[in-house]
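Descriptive structure summary
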Amino acid sequence: MRTPEETFPTHFTFGVATSAYQVEGGIENDWAEWERAGKLKEPHARCGRAVDHWHRYEEDYALAKAVGATAFRISLEWARIEPEQGRFDEAALEAYRERLLKMKAHGLRPVVTLHHFTHPSWFHRETPWHLPQSVPTFRRYARRCAALLEGLDALVISFNEPMVLLLGGYLQGAIPPGIADGALTMRALENMVRAHAAARQELLERLGRVELGISQNMLAFAPDRWWHPLDRALVRLASPAYNHAFHEALATGHLRVNMPGVASTRVAIPEARDSVEFIGVNYYSRAHLRFVPRPPFIEFKYRDTRGRGLTDIGWEDWPEGFLQTLRDVKRYGRPVWITENGIDDRTGSRRPHYLHSHLAQVLAARAEGVDVQGYLYWSLLDNFEWLEGWGPRFGLYHVDFDTLERRATPACDYFRAVATQRRLVAPGTL
Ligand code: IFM
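Given the structure is predicted, the values throughout are model-derived calculations rather than measurements.

Close to the ligand lie Q22, H116, F117, N160, E161, Y284, W315, E340, W378, E385, W386 and F394. Take E161: an N or O atom from its side chain is 2.8 Å from a nitrogen atom of the ligand. The contact in question runs from an oxygen atom of the ligand to an N or O atom on the side chain of W386, over 2.9 Å. The cavity that encloses the ligand is the largest pocket. Here the shell around the ligand is composed, by residue class, of six nonpolar, three polar and three charged.

Listed below in structure tokens is the structure:
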């Protein structure tokens, strides 16, 4: 693999990423309900106290600083802020404000996600994403979030991985709200694009200026059978739909999805045009697509094509796709932030190499003129991994899930070396 010689410029940001439900603990929302309904892979698993970041946040900021991070991504938990429809919890808002101010005082730039998969339980009953009312509902929530961000120079993310939520929650019914309907999926997608634009209005009204984007899960795709025309056709359709439809809509004001037999839409949303300051990329892996002659016509698999071994969660380790992904987002003409990249590595032994190989692609993309401005590693800590529960470990810090003790993995030294020396060092040479 090509390893360019260049260094990361001084303004390039190294940081870490988390999300509220996965780390904070003590949250009652749609996911907590989903767990009680026994819908995780391990039906008795519960997020519960998570890794108690809600109480240990200062310790966790110090851990981030210790690896050379200067930015910290969190999400605001909507269910804490608006536990009942239209009733906002001032104490929760105050608690978030205090945490953000302390983050700043620790020398960490806040990267704040308004919506990271979870909802207050009332949301799906009252104003689910497939209804137009979801847009003013999100707007009202965003207005309260905007007030939290004053004077912080935060990077703001409206939605984390909207296509993952829509695929999982609206098309497959595997995560909340558990709907499996292509037409409703498209309506929900349209409303989320509108909700992003509405939230932007609120942020601008309150803050005057904002650096806003989304975090888009972006996959490299390949045909399962390289020679099969239908597998190849799926690849040609999947990348525009999965990777780019949301980005495109926020750049052009036109939302287009074309997945025949699965879900399609074409709609103008003019208020979404030019509604991001940066392109957020979450990159993890490559998927192989295979045509199957029955709905939904697509089979999706991860393969170990290079003998590197799948990661512990079963994903292909495919740094090559990272460079292609970054080339592909250059078309939007906006700065790019890697808002997530990381590996489930339960022994901690592969992570330094994973970091090295993926950061090499970031440098290669920068050398080609892609304006990548920051890299946030997912995640600072081992945490609750949705349907997978407590098995996966993405953390720079290993967390003992019984005692909640945080312990550095070998990747901490590696991350610190790169973040402070601003150049790629070979993992074995520290
Ligand atoms: O844990 C998730 C995160 O919530 C969103 N992006 C992918 C991560 C790993 O699966």
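Okay, the side chain of R225 next. If you trace the backbone, R225 turns up in the loop between β5 (211–223) and α10 (229–252). Of note is the side chain of R225, whose polar atom sits 2.7 Å from the side chain of D231. Once residues lying within four places of it in the same chain are set aside, the contact partners of R225 are D231, R290 and F291.

Looking now at empty space enclosed by the protein. This model, assessed by the stated rule, comprises two cavities of 30 Å³ or more. Counted as a void, the largest cavity has a volume near 70 Å³. Around the largest cavity sit T18, S19, A20, V23, E24, H53, Y61, I74, S75, Y96, R99 and M103, which together line it. For the lining of the largest cavity, the secondary structure elements donating two or more residues are α1 (20–23), α3 (53–66), β2 (71–75) and α5 (90–105). A per-element tally of the lining of the largest cavity places α5 first, with three residues. Partitioning the lining of the largest cavity into residue classes produces six nonpolar, four polar and two charged. By volume, the second largest cavity is sized at about 40 Å³. Taken together, the residues that form the lining of the second largest cavity break down as six nonpolar, two polar and two charged.

Let us now look at the nonpolar core. The biggest cluster of nonpolar side chains holds 136 residues, and the ones touching the most others in it are L76, W129, L326, Y375 and L396. Counting residues in hydrophobic clusters, the runner-up holds 13 residues, among them F278, W315, W378 and F394.

Quick look at the layout of surface pockets now. Looking at the largest pocket, its volume works out to about 1400 Å³. Taken together, 46 residues line the largest pocket, and the ones lying closest to its centre are V164, L167, Q172, Y242 and F300. Elements with a contribution of two residues or more to the lining of the largest pocket: α8 (162–171), α9 (182–207), β5, α10, β6 (254–259), β8 (279–291) and β9 (298–301). In terms of residue class, the lining of the largest pocket is made up of 32 nonpolar, nine polar and five charged. Here the second largest pocket is characterised by a volume of approximately 200 Å³.

On to helix α12 (residues 351–367). Taking 1.5 Å of rise per residue, 17 residues should cover 24 Å, and α12 covers 24 Å from first to last C-alpha, within 8% of that figure. Counting buried positions over the 17 residues of α12 gives 14, a clear majority of the element. Just downstream of α12, G369 is the residue with a positive phi angle, here 95°.

Let us look at the pairing of strand β10 (residues 336–340). With respect to burial, β10 is a largely interior element, five of its five residues being buried. Relative to strand β11 (residues 372–378), β10 runs parallel, the two being bridged by three bridges. Paired with V336 across the two strands is V372, which belongs to β11.

Attention shifts here to the packing of aromatic side chains. In the structure shown here, the tally under the stated rule is 32 aromatic pairs. Ring centres of F291 and F297 lie 6.2 Å apart, and the angle between their planes is 5°; this geometry places the pair in the stacked category. In this structure F291 comes out as partly exposed when scored by relative accessible area, which is 26%. Looking at F297, the relative accessible area reads 25%, which means it is partly exposed. In textbook terms, an aromatic cluster arises when at least three aromatic residues are bridged by ring pairs, as seen for Y21, W31, F117, F384, W386, W390 and F401. Cation over ring: K39 sits above W34, and NZ or CZ is 4.0 Å from the ring centre. Sitting over the ring of W318, R286 keeps its end group 3.5 Å from the ring centre.

What follows deals with helix α7 (residues 134–148). For α7, which comprises 15 residues, the first-to-last C-alpha distance of 22 Å matches the rise-based estimate of 21 Å (1.5 Å per residue) to within 8%. Taken together, the buried positions of α7 are S134, V135, T137, F138, Y141, A142, C145, A146 and L148. Structurally, α7 contributes buried residues whose contacts are with α4 (78–81), α5, β3 (109–115), α6 (121–126), β4 (155–160) and α9.

Okay, unusual backbone geometry next. P177 follows P176 through a cis peptide bond whose omega is 10°. A cis amide bond links W378 with the next residue in sequence, S379, at an omega value of 10°. Relative to the helices and strands, S379 resides in the loop between β11 and β12 (397–399). A positive phi is found at A50, a non-glycine position, where the angle reads about 50°. With respect to the helices and strands, A50 occurs in the loop between α2 (30–36) and α3. Although it is not a glycine, D274 sits at a positive phi angle of roughly 55°. Along the chain, the position of D274 falls in the loop between β7 (263–268) and β8.

Bringing the pattern of salt bridges into the picture now. Pairs may arise between side chains of opposite charge once their charged atoms sit close together. The final tally for this structure, using the stated rule, is 33 salt bridges. Two residues, K102 and E98, come together in a salt bridge whose shortest N-O distance is 3.3 Å. Of the two residues, K102 and E98 both sit in helix α5, four residues apart, roughly one turn of that helix. Classification of E98 as partly exposed rests on a relative accessible area of 35%. Among the ionic pairs, E211 bridges to R209, the shortest N-O distance being 3.7 Å. Take R209: its relative accessible area is 54%, and that puts it in the exposed class. By sharing partners, the salt bridges in this structure join R109, D153, R209 and E211 into a single network.

Calculation rules
- Residues numbered from 1 in each chain as written.
- Predicted model: local features only at pLDDT ≥ 70, side-chain atom pairs only at ≥ 80, totals over all residues.
- Heavy atoms only, no water.
- Near = heavy atom within 4 Å.
- Polar contact = N/O pair within 3.5 Å; in protein donor to acceptor, adjacent residues only side chain to side chain.
- 1 Å grid on protein atoms, 1.4 Å probe; cavity = no way out; pocket = protein on both sides within 12 Å on 5 of 7 lines; lining within 4 Å.
- Sits in = over half its atoms within 2 Å of the grid points.
- Nonpolar A, V, L, I, M, F, W, Y, C, P; charged D, E, K, R; others polar.
- Helix = DSSP H or I, 4+ residues; strand = E, 2+ residues; numbered from the N terminus.
- Contact = heavy atoms within 4.5 Å.
- Points joined across faces, edges and corners; volume = space filled by probe spheres on them.
- Core = buried A, V, L, I, M, F, W, Y, C linked by side-chain atoms within 4.5 Å.
- Buried < 20%, exposed > 50% of the residue type's maximum accessible area, 1.4 Å probe, protein only.
- Expected span 1.5 Å × (residues − 1).
- Pairing = 2+ DSSP bridges.
- Phe/Tyr/Trp six-rings, centres within 6.5 Å; stacked < 30°, edge-to-face > 60°.
- Lys NZ or Arg CZ within 6 Å of the ring centre and 35° of its normal.
- Salt bridge = Lys/Arg side-chain N within 4 Å of Asp/Glu carboxyl O.

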